[in-house]
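Structural characterization, general
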Amino acid sequence: MVKNTAILGAGVSGLSLARFLLEGGAARDSVTLFEAAAEVGGLCRSRTVSGFTYDLTGGHILYSKDAAVMRWMKNAAGGDGAFVEKNRETKIRFGERWVHYPFENGLADLPREANFDCLKGYVEAWHRRTTDGSRAPEAFGAWVRWRFGDGIAKHFMDPYNGKVWKRELDFLTSDWVAGRVPDAPIEDVLRSAVGIRTEGYTHQSIFYYPRKGGFQAITDGIAGTVMDRVRLATPVKEIVREGRGWLVDGEPFDQVVSTLALTDLPRIVRGMPADVARAMSELEFNSITCILVALDRAEQPDLSWIYLPHDEQGPANRVTYMSNYSPENAPRGKSSFLCEVTHDSRAKTPGSELEGQVIAGLERAGLLSRSEVLFTDRETTRHAYVVFDHAYAARRARALGWLEEVGLVPLGRFGRFEYDNSDQCVIKARALAAQLGRPQAR
Ligand SMILES: Cc1cc2nc3c(=O)[nH]c(=O)nc-3n(C[C@H](O)[C@H](O)[C@H](O)COP(=O)(O)OP(=O)(O)OC[C@H]3O[C@@H](n4cnc5c(N)ncnc54)[C@H](O)[C@@H]3O)c2cc1C
């Protein structure tokens, strides 16, 4: 029997867990969600301003290797008919050129000198690591050179990753790259450099996006059957162990599942040892400011999103062609960009000068003319990217180890400090619901 459960946070993780518990037979009143914001959805929220819809934490797409989870997410939001199916078209803007993504599969799109630098470096790195048998370096900057060579490092990986992570690349580890940074065979890179097209990265080659309401339509859909169990605008302030259960702001529960960021728990959970509190507080993460640029023009190249690696392209590192995701994302005859600017969570949130800098950068990159801009809108999200520095694994292990000892269950992207997309949050919520729903051993 499922115990009386408090779920902290009504983002995709908390909402999915509540839904799986109730679908698994838990009594309705045994599940309570606490949500600080006035609406559900967390990082999956979207906003519509004057007919332009955008995702508040950067352009979101629905894709999962787990077909059952993708179906579950689609069904929750109205089924296939409620989604637009898109081919992923991603490119890198390089001066006046478009370079195929991933970069090492697009070398022929580069100016000849840059193509030569990249190819030379790639072959040298390949030769070095296949003859000396060296293992992948732990520091990310060193890993980039070991894997891709000096040319690709100089022309793309260093400037792009510097923009995203806002740190020296060797401050990061290479742990997070597996499965995230494409890993092309050398034959493909050689073919690409002489102009024979190779694909390189078929992951997410087709994705889905809600026709109406932005990505938030998915979390709204998941929330549909559990909304009566959600307490909105109710930030949890204190969690105290009492007997075999917990008090959440003074209210008793048998068990608590937290999707709140680990970095926030020391100020909320009472009785935490000092070293655990330190480990949690010192976990590093980046924030993001997303700027919608509404445009007075209809036509856009058929792109999904693009990468802007260079400083002269302004502070945005990625631009989503938001109006290409769904015809409902912009009024007829108009279009939109969604520009992502990351910042170290400890740095000041960029002021109102950011919009001007972003637009000037896009203008220099040849993506828009200032006179086409109708208006901008922005949202800053504090917890956006986990930063995988060298202390990350030890700090996270200490944090999760203690939570396990005391029986406070962590779930979600920042609840467990992992690089999870929404589908992975659903997969983990499904597994946790199965575990919590199992009869307890006496
Ligand atoms: C830039 C970017 C792009 C992304 N792109 C994609 C994509 O294309 N596709 C995809 O599937 N995923 C994408 N993701 C990942 C996706 O957004 C997350 O995996 C997912 O939304 C995390 O959900 P969550 O429920 O674990 O956490 P959250 O959404 O962070 O939910 C936590 C909830 O807890 C609430 N809360 C916080 N403090 C308190 C408190 N004290 N009391 C009560 N409630 C509280 C918050 O308001 C929030 O609603 C992207 C993420 C980022 C940052």
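Right above here is the structure, for reference.
If you're wondering where the values come from, they're calculated on a predicted model, not measured in any experiment.

Moving on, we get to the overall build of the protein. Within the protein, the regular secondary structure consists of 11 helices and 19 strands. The C-alpha radius of gyration computed for the protein amounts to 23 Å, which stays within 12% of the reference 22 Å derived for 442 residues, consistent with globular compactness. With the principal axes as the frame, the protein shows a C-alpha extent of 70 × 55 × 40 Å. Residues counted as buried form 57% of the 442 residues belonging to the protein. In the protein, 75% of the contacts between residues at least 6 apart in sequence involve partners at least 24 apart. Working note: accessible area of the protein is about 18900 Å², and carbon and sulfur atoms make up 50% of it. One way to put it: in the protein the 56 positive side-chain charges average out to a point 2 Å from where the 57 negative ones average out.

Take the sheet that holds strand β6 (residues 90–94) next. A sheet is described by the order of its strands in space; here 7 strands give the open sequence β7-β6-β15-β16-β17-β14-β18, paired in mixed fashion. Edge positions in the sheet fall to β7 (97–100) and β18 (373–386), since each of these pairs with one other strand and no more. Along the sheet, successive strands turn relative to each other by an average axial angle of 25°, direction set aside. Pairing of strand β14 (residues 285–295) with strand β17 (residues 335–344) involves 10 bridges; the strand directions are antiparallel. Residue pairing in the sheet places serine 287 in a bridge with histidine 343 of β17.

A few words on the site of the ligand. Taken together, 29 residues lie near the ligand, and Ser13, Glu35, His60, Asp420 and Ser422 sit nearest. The contact in question runs from an oxygen atom of the ligand to an N or O atom on the side chain of serine 13, over 2.7 Å. Between isoleucine 61 and the ligand, the recorded distance is 2.8 Å, taken from a backbone N or O atom to an oxygen atom. Class assignment of the residues belonging to the shell around the ligand gives a composition of 14 nonpolar, 12 polar and 3 charged. Looking at which domains feed residues into the shell around the ligand, each of domain 1 (5–87 + 209–284 + 389–437) and domain 3 (285–386) supplies at least three.

Within the secondary structure layout, alanine 391 lies in the loop between β18 and α10 (392–406). Spatially, the C-alpha atom of alanine 391 lies 9.3 Å from that of leucine 172, the residues being 219 residues apart in sequence.

Looking now at the sheet that holds strand β12 (residues 251–253). Overall, antiparallel pairing links the 3 strands, which are arranged β10-β11-β12 in an open sheet. Whereas interior strands pair on both sides, the edge strands pair on one side only; in this sheet they are β10 (239–242) and β12. With strand direction ignored, the average angle separating the axes of adjacent strands in the sheet is 30°. Note: β10 against strand β11 (residues 245–248), 4 bridges, orientation antiparallel. When the bridges of β11 are listed, glutamate 242 appears paired with glycine 245.

It is worth spelling out the packing of aromatic side chains at this point. Throughout the structure, instances matching the rule amount to 23 aromatic pairs. Consider the rings of phenylalanine 103 and phenylalanine 156, whose centres lie 4.9 Å apart with planes at 10°: the pair is stacked. Of this pair, phenylalanine 103 sits in the loop between β7 and α3 (112–132) while phenylalanine 156 sits in helix α4 (residues 140–165), and the two are 53 residues apart along the sequence. Both residues of the pair, phenylalanine 103 and phenylalanine 156, count as buried. Ring centres of phenylalanine 156 and tyrosine 160 lie 5.4 Å apart, and the angle between their planes is 10°; this geometry places the pair in the stacked category. Residue phenylalanine 156 and its partner tyrosine 160 are located together in helix α4, separated by 4 residues, close to a single helical turn. Assessed through its relative accessible area of 12%, tyrosine 160 is described here as buried. Among the aromatic residues, ring-to-ring pairing joins Phe140, Trp143, Phe148, Trp165, Trp176, Tyr385, Phe388, Tyr392 and Tyr419 into one connected group. One cation-aromatic arrangement involves lysine 74 over tyrosine 208; the distance from NZ or CZ to the ring centre is 3.5 Å. Between arginine 147 and the ring centre of phenylalanine 148, over which it is positioned, the NZ or CZ distance is 5.6 Å.

Parameters at a glance
- Note that residues are indexed from 1 along each chain, following the sequence as it is written.
- Given that this is a predicted model, residues contribute local features only at a pLDDT of at least 70 and side-chain atom pairs are listed and counted only at 80 or more, while totals for whole chains, interfaces and linings are drawn from all residues.
- Side-chain metrics in this entry use all non-hydrogen atoms of the structure; hydrogen atoms and water are not considered.
- In this description a helix means any DSSP run of H or I spanning at least four residues, a strand means any run of E spanning at least two, and both kinds are numbered starting from the N terminus.
- Note on method: radius of gyration uses C-alpha positions; expected globular size equals 2.2 Å times residues raised to 0.38.
- Categorising residues by exposure relies on relative accessible area from a 1.4 Å probe, with only protein chains included: less than 20% of the type maximum marks a residue as buried, more than 50% marks it as exposed, and the intermediate range marks it as partly exposed.
- We call two residues in contact when some of their heavy atoms are within 4.5 Å.
- Method for areas: the Shrake-Rupley scheme with a 1.4 Å probe, in which residue coverage is limited to the protein chains shown.
- We count Lys and Arg on the positive side and Asp and Glu on the negative side, and we leave His and both chain ends out.
- To locate a charge, the coordinates of NZ of Lys, CZ of Arg, CG of Asp or CD of Glu are taken.
- For two strands to be treated as a pair, DSSP must find no fewer than two bridges joining them.
- Every axis in this analysis is a line fitted to C-alpha atoms, fitted for helices over the stretch in contact. Angles between the N-to-C directions lie between 0 and 180 degrees.
- Nearness is judged by heavy atoms alone; a residue qualifies as near a molecule or strand once a single heavy atom is within 4 Å of it.
- Definition of a polar contact: a pair of N or O atoms within 3.5 Å, with one able to donate and the other able to accept a hydrogen when the atoms are protein atoms, and with sequence-neighbouring residues admitted only if both atoms are side-chain atoms.
- Amino acids are sorted into nonpolar (Ala, Val, Leu, Ile, Met, Phe, Trp, Tyr, Cys and Pro), charged (Asp, Glu, Lys and Arg) and polar (every other residue, Gly among them).
- Domain extents, as shown, originate in an automatic or database domain assignment.
- Pairing of aromatic rings covers Phe, Tyr and Trp, the last counted by its six-membered ring, and requires centre-to-centre distances within 6.5 Å; plane angles under 30 degrees mean stacked, over 60 mean edge-to-face, and any other angle means tilted.
- The criterion for a charge sitting over a ring is simple: Lys NZ or Arg CZ within 6 Å of the ring centre, and within 35 degrees of the ring normal.

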